[in-house]
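Summary of the model geometry
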Amino acid sequence: IAPNPDGLVLSTAFPASSAAGNEPIDGTVTLTNTGTQTIKGTTAASPAITVSQDGMVLWHSNGPMIMLAVVVDLAPGQSISYRASFTPVRCGVADDRVDGFPDNLPALTAGSYQVSAAIDLSRESADGGFSANELVTGPTQTVTLR
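Note that the structure is predicted; figures quoted are calculated from it, not measured.

**A look at the overall build of the chain**
Summing up its helical and strand segments, the chain has 0 helices and 11 strands in all. Along the chain, from the amino end to the carboxyl end, the secondary structure elements read β-β-β-β-β-β-β-β-β-β-β. Relative to the globule expectation of 15 Å for 146 residues, the C-alpha radius of gyration of the chain, 16 Å, shows essentially globular dimensions. Across its three principal directions, the C-alpha atoms of the chain cover 50 × 30 × 25 Å. In the chain, buried positions account for 36% of the 146 residues. About 8100 Å² of surface is accessible on the chain, with carbon and sulfur atoms providing 54% of the total. Averaged over its 6 positive side-chain charges, the chain has a centre that lies 6 Å from the centre of its 13 negative ones.

Structure below.
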């Protein structure tokens, strides 16, 4: 996905090494304005998280979402952070249900994985309304499961 043209970057901060298993791993995701203009709008309460290995998605955020909006008002250089988590398990298309993944998904094996985040930003327009959603992403973070 192309970087945000206005300099918004979404970065993840999860423990670099965690135990493999079926327990969620907590971290944060930070939205930073690296551009030159103030950005105003709203996002969801939490970003979507993806866990992949060798370019293949193994797990992604799923299930009911918190229906709250976070107000974004970032001058150049400013950031806001979101709580985030992922579960180090493998999911498949058949596991993807509206109410969440089943509880018995197989744990990922020991190894290195890439974690990334994405969030939609509804940009505030000059007339006080909101523009179409913009997808904001950032670099992946390598996480090692042991």
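And the narrative resumes.
**Digging into the environment of S11**
Along the chain, the position of S11 falls in strand β1 (residues 8-13). On a C-alpha basis, the gap between S11 and V93 in space is 27 Å, while along the polypeptide they are 82 residues apart. With residues up to four places along the chain from it excluded, the contact list for S11 reads T28, V29 and T30.

**Looking at the side chain of N33**
Counting through the fold element by element, N33 comes out in strand β3 (residues 25-33). At 2.8 Å, the side chain of N33 and the backbone oxygen of Q37 are in polar contact. Every residue in contact with N33, bar those within four places of it in the chain, is listed here: D6, G7, L8, T38, I39, L74, A75, P76, G77 and Q78.

Quick notes on the rules
Residues numbered from 1 in each chain as written. Predicted model: local features only at pLDDT ≥ 70, side-chain atom pairs only at ≥ 80, totals over all residues. Heavy atoms only, no water. Helix = DSSP H or I, 4+ residues; strand = E, 2+ residues; numbered from the N terminus. Rg over C-alpha atoms; globule rule 2.2 N^0.38 Å. Buried < 20%, exposed > 50% of the residue type's maximum accessible area, 1.4 Å probe, protein only. Areas by Shrake-Rupley, 256 points an atom, 1.4 Å probe, with all protein chains shown as cover. Lys, Arg positive; Asp, Glu negative; His and termini not counted. Charge placed at Lys NZ, Arg CZ, Asp CG, Glu CD. Contact = heavy atoms within 4.5 Å. Polar contact = N/O pair within 3.5 Å; in protein donor to acceptor, adjacent residues only side chain to side chain.

Nothing here speaks to function; it is all geometry.
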